[in-house]
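# Understanding the architecture of this molecule
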Amino acid sequence: MVRNVELFKKIDSYINSLGQIGIKDGIRWRSIFTEADREAKMLFKDFIEKEGLVASEDAVGNVYGRLENSEDYDNVKKVLVGSHIDTVRDGGAFDGAAGMIIGLLAVAESIKRFGSPKIPIEVIALAEEEGSRYSMAYVGSKAIVHGLGEKELNIEDENGISFKNAMFQAGYDPKQVAKAKRGDILTYMEAHIEQGPVLEKTASKIGIVERINGIFCLEVEIVGREDHAGTTPMDMRQDSLVAAAKFIAKLPDITAKISRSATATVGKIKVEPGSSNVVPKKTTFTIDFRDMDSDNLRMLNHAIQLELDHLQENDVRVSYRLAASELPVDLDKNLVDLCERVVKDMEIPYQKMNSGAGHDAQIFAERFPSMLLFIPCKNGRSHSPVEHASSDDMYMAVEVFVGMLRKIAW
Ligand SMILES: [Zn+2]
């Protein structure tokens, strides 16, 4: 592959400048309807215009780059290429951003090399994939694929600011949110850093994703009684944290019994009143559990709930709520095959794989043929400031998408 130096430099400069946005007190965080979000969108719109496309935003704040090259533009189906613009709190510069830039440059390069496409191609920077401000992920893609309802608009962040209000404050009209929904999508294509160590370990440069893990999340609340830590005998306590700890310690066994690939994680726990000399009255925690197989996931859900129900015997009250239940999603077989042909032609070392992390591509895949391509990230690290992907690998992904777009849209 003869390297286009100008394209390589652009990748470097775009990813570096976007990575500077949202850093405050040494921590990078871009969440929806914040100043960092606004700045990142402005910069990406700049990139879009520089690449000769027209930038715009939809009702929920997804940024588009378009080339409206025909009169019946509105009536034909389009190819969407992109990823998300937000980051988690203390996140890296590549999660989401790499995919947006790969998408933009692939579209711009294709048009430069092959002229105006027969099928319109649009670049997209999706709003809030991570759900780091509101406990609601895939905001931008859900608004496009399914639409957002009242329930979503009323959800509150940790400061009690509703999504609707934040949206309004940022200059968007919550009443218009339905306008973001689309039916005119032929294909959704997303590039993303792998966020795991597999590609690096196998010296593969491209991962072609066939299936995305299902993710369930239970929110659990255990209520006992607060008592004096010094005067209440051990056998007379209703300690919510001891009950929670008993359950959490069993979780690896429960998971292993269902499947070897399943994971279960308690990553967030809160103890109240949270004082060293008071028996914990209330313990709340989340259980994130995932698997590649829908049946396994349902069985795991059942087994976990059964175990939680048994906890009641410890003189505590247990309640739980299923906060998320995303089943595993298959990506489009034809797009996987096409991607494989292109990658083979270019003699790039690749592998087919599944994704353990959730992505916007899974939301699109619920209604439209969709694909997801991974590039390696250093030491498999992600959701951390040390996250890194090389410009060489991003360059390769741009070329793969150019090869695919040529076959799809010209
Ligand atoms: Zn991501």
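Basis of the calculations
Each chain carries its own residue numbering, running from 1 in the direction its sequence is written. Confidence filtering applies because this is a predicted model: local features only for residues at pLDDT of at least 70, side-chain atom pairs given and counted only at 80 or more, and all residues used for totals across whole chains, interfaces and linings. Each helix is a run of DSSP H or I of at least 4 residues and each strand a run of E of at least 2, with the numbering of both proceeding from the N terminus. Only C-alpha atoms enter the radius of gyration, while the globule expectation follows 2.2 Å times N to the 0.38, with N the number of residues. C-beta atoms are placed from the backbone for every residue, and two residues are taken to be in contact when these atoms lie within 7 Å. Two strands are said to pair when DSSP picks up at least two bridges between them. Expected helix span is given by 1.5 Å per residue-to-residue step, counting one fewer step than there are residues. As a rule, residues whose C-beta atom has 12 or fewer other C-beta atoms within 10 Å are exposed, those with 20 or more are buried, and those in between are partly exposed; C-beta atoms are placed from the backbone. Summarising the geometry, the arc corresponds to the directions from the helix axis toward the C-beta atoms. Here an axis means a line fitted to C-alpha atoms, over the contact stretch when the element is a helix, while the angle between two N-to-C directions is reported on a 0 to 180 degree scale. It is the rotation of the near helix from the far one that decides the hand of a crossing: anticlockwise by less than a right angle makes it left-handed, clockwise makes it right-handed. Three classes are used: nonpolar for Ala, Val, Leu, Ile, Met, Phe, Trp, Tyr, Cys and Pro, charged for Asp, Glu, Lys and Arg, and polar for all others, with Gly counted as polar. Boundaries of every domain are those given by an automatic assignment or by a domain database. Residues enter a nonpolar core if they are buried, belong to Ala, Val, Leu, Ile, Met, Phe, Trp, Tyr or Cys, and are joined to the set through C-beta atoms within 7 Å. For this classification, under 35 degrees means roughly parallel, over 145 means roughly antiparallel, 65 to 115 means roughly perpendicular, and everything else is oblique.

## Notes on the overall build of the protein
Across its full length, the protein holds 12 helices and 16 strands. Computed over C-alpha atoms, the radius of gyration of the protein comes to 23 Å, within 12% of the 22 Å expected from 2.2 N^0.38 for 410 residues, which places it in the range of a compact globule. Of the contacts made within the protein by residues no fewer than 6 positions apart, 77% connect residues no fewer than 24 positions apart.

## A closer look at the pairing of strand E3 (residues 54–57)
Taken together, the four bridges between E3 and strand E4 (residues 63–66) define a ladder with antiparallel strand orientation. Bridge assignment links Val54 to a residue of E4, and that residue is Arg66. Where E3 folds back onto E4 in an antiparallel hairpin, the turn is made up of five residues, including Gly61, whose phi is positive at roughly 100°.

## Some thoughts on unusual backbone geometry
Residue Pro273 follows Glu272 across a cis peptide bond; omega there is 5°. One can find Pro273 in the loop between strand E11 (269–272) and strand E12 (282–291). Phi is positive for Glu128, close to 40°, though the residue is something other than glycine. In this model, Ala203 sits at a positive phi of 55°, which is unusual for a non-glycine residue.

## Description of helix H9 (residues 294–310)
Its 17 residues give H9 an end-to-end C-alpha distance of 25 Å, which sits within 8% of 24 Å, the value for a rise of 1.5 Å per residue. Three or more residues of H9 are buried, namely Asn296, Leu297, Leu300 and Ile304. All buried residues of H9 lie within an arc of 95° about the axis, which places them on one face of the element. Exposed and facing more than 90 degrees away from the buried side of H9 are Ser294, Asp295, His302, Leu306 and Asp309. The inward-facing, buried residues of H9 contact strand E9 (214–223), helix H8 (240–258) and E12.

## Considering the packing of helix H1 (residues 5–19) against helix H12 (residues 391–409)
Between H1 and H12, the least distance of the axes is 10 Å, while the angle of their chain directions is 120°. As for the relative orientation of H1 and H12, their crossing is right-handed in sense. Facing H1, whose interface residues are Leu7, Phe8, Ile11 and Asp12, H12 presents Ser391, Met394, Tyr395 and Val398. For the contact of H1 with H12, the class distribution of residues is six nonpolar, one polar and one charged.

## Observations regarding the domain arrangement of the protein
By domain assignment, the protein separates into domain 1 (5–213 + 328–409) and domain 2 (214–326). If you average the C-alpha positions of domain 1 and of domain 2, the two centres end up 35 Å apart. In terms of residue class, the side of domain 1 that touches domain 2 is built from one nonpolar, six polar and one charged.

## Thoughts on the nonpolar core
With 91 residues, the main nonpolar core has Leu373, Ala397 and Phe401 as its most contacted residues. Ranked by residues supplied to this core, first place goes to H12 with 12 residues. Discounting residues that sit within four places of it in the chain, Leu373 has contacts with Ala191, Ile206, Gly207, Ile208, Val209, Cys339, Ala397 and Val400. Within the second largest apolar cluster, 21 residues are counted, among which are Cys217, Leu218, Val220 and Phe247.

## Some remarks on the environment of Glu152
Looking at where Glu152 falls in the secondary structure, it is placed in helix H5 (residues 150–153). C-alpha of Glu152 to C-alpha of Leu327: the two residues are 175 residues apart in sequence and 20 Å apart in space.

## Focus: the packing of helix H10 (residues 333–345) against H12
Remark: H10 packs on H12, axes separated minimally by 9 Å, with the N-to-C direction vectors making an angle of 125°. When the axes of H10 and H12 are compared, the pair comes out oblique. For the element pair H10 and H12, the recorded crossing hand is right-handed. Contacts between H10 and H12 involve Leu338, Cys339, Val342 and Val343 from the former and Val400, Gly403, Met404 and Lys407 from the latter. When the residues that make up the contact of H10 with H12 are grouped by side-chain class, the tally is six nonpolar, one polar and one charged.

## Some points on the environment of Ser370
Turning to its location among the elements, Ser370 is positioned in strand E16 (residues 370–375). By the C-beta count within 10 Å, which is 28 here, Ser370 ends up buried. Residues Ser370 and Leu80 lie 290 residues apart in sequence; the distance between their C-alpha atoms is 9.3 Å.

## Considering the environment of Tyr64
Relative to the elements of secondary structure, Tyr64 occurs in strand E4. Classification of Tyr64 as partly exposed rests on a count of 19 C-beta atoms within 10 Å. Between the alpha carbons of Tyr64 and Phe44 there is a distance of 9.5 Å; along the sequence they are 20 residues apart.

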